[in-house]
Amino acid sequence: MVQRLRVRYAKRGRLRFTSHRDISRALERAVRRAGIPVAYSAGFSPHPKISYAGAAPTGVASEAEYLEIGVSRACDPLRLRADLDASLPPGLDVLDVVEAHAGSLADRLEGSMWEVRLTGVDPAEAASAVTAFLAAARVDVERLTKKGLRAFDARQAVQTLTVAENADGTAGQEPIQSCVILRMVVRHETPAVRPDDVLMGLRLVAGLAPPSPPAVTRLAQGPLDAITGEPADPLEADRVGDHL
């Protein structure tokens, strides 16, 4: 391996329902189709040097998924971005590629910003639920894991949680159904707190129960800015390294 490249890609549309395992297989097939000289591990069963960091759960769209590729000869990041993007199915879109420098990509992913669209929810009810959630010192929720039912605090990891109202419908058609949009910044902790855990917390503290499944999108993930509290670009340090 002579070079490492870090890739930001999006998972959109119907592909949000695809498992991470199937996403990784699609990406590895695209790497082969694009002719990218991926490096392989040594040993009896070599595997491509592609690693993933902070993958979004199944059922969630994302504008900020990351992976790292090790290659056996130096590649131009812009050319690799174009070739890989052209080899991926619609809904998997390569947004950025940079040459990796010092440090671990996974260590930079300290938190995520999520957008949750709740159709048919009253904005005042949502605002009241958000206020109650943020005022709570602790909000215990349960999630079924591979090791069984696990209880944990969904409040501590939530940096910010805001609510906005939007209209969801086609112009000229009535009625236009109300759509509440939640924006939240959640720190990456163990166990991981997901948007559905926060929604469960809102239900527990204030009885907020959306009539239809939420549409969840990860907008960003990266190091948490000390001033804004929002995720910054985790690839910025690599771009700075390119100019040193």
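Residues numbered from 1 in each chain as written. Predicted model: local features only at pLDDT ≥ 70, side-chain atom pairs only at ≥ 80, totals over all residues. Heavy atoms only, no water.

Caption draft 1: The arrangement of the environment of Ala157 in detail. Inspection of the secondary structure assignment puts Ala157 in the loop between strand 7 (148-153) and strand 8 (158-168). Residue class for Ala157 comes out buried when judged on its relative accessible area of 0%. Those residues in contact with Ala157 that lie beyond four places of it in its chain are Val185, Val186, Arg187, Glu189 and Val193. (Helix = DSSP H or I, 4+ residues; strand = E, 2+ residues; numbered from the N terminus. Buried < 20%, exposed > 50% of the residue type's maximum accessible area, 1.4 Å probe, protein only. Contact = heavy atoms within 4.5 Å.)

Caption draft 2: A look at the domain arrangement of the protein. Structurally, the protein comprises domain 1 (3-107) and domain 2 (111-222). One C-alpha centre belongs to domain 1, the other to domain 2; they are set 29 Å apart. Contacts between the two partners involve 13 residues from domain 1, matched on the other side by eight residues from domain 2. Note on domain 1 versus domain 2: buried area summed over both sides is about 710 Å², and carbon and sulfur give 54% of it. At the junction of domain 1 and domain 2, the tally comes to one salt bridge. (Domains from an automatic or database assignment. Buried area = accessible area lost by both parts, 1.4 Å probe. Salt bridge = Lys/Arg side-chain N within 4 Å of Asp/Glu carboxyl O.)

Caption draft 3: Geometry of the nonpolar core. Leu118, Leu161, Leu182 and Leu202 are the most contacted members of the largest nonpolar core, which has 27 residues in total. Going through the elements one at a time, strand 5 (111-119), helix 4 (123-135), strand 8, strand 9 (177-187) and helix 5 (195-206) are the ones with two or more residues in this core. What Leu182 contacts, discounting residues up to four positions off in sequence, is Trp114, Glu115, Val116, Leu118, Val130, Leu161, Thr162, Val163, Leu199 and Leu202. With 23 residues, the next largest nonpolar core counts Leu15, Ala30, Cys75 and Val97 among its residues. (Core = buried A, V, L, I, M, F, W, Y, C linked by side-chain atoms within 4.5 Å.)

Caption draft 4: Structural context of the pattern of salt bridges. Tallied over the full model, the rule gives 17 salt bridges. The shortest N-O distance in the salt bridge between Glu68 and Arg6 comes to 2.6 Å. Separated by 62 residues along the polypeptide, Glu68 in strand 3 (residues 61-71) and Arg6 in strand 1 (residues 3-11) bring together distant segments of the chain. A single burial state applies to Glu68 and to Arg6, both of which are buried. The salt bridge involving Arg25 is made with Asp22; its shortest N-O contact spans 3.4 Å. Placement of the pair is Arg25 and Asp22 together in helix 1 (residues 20-33), with a separation of three residues, close to one helical turn. Look at Arg25 and you get partly exposed, because its relative accessible area is 44%.

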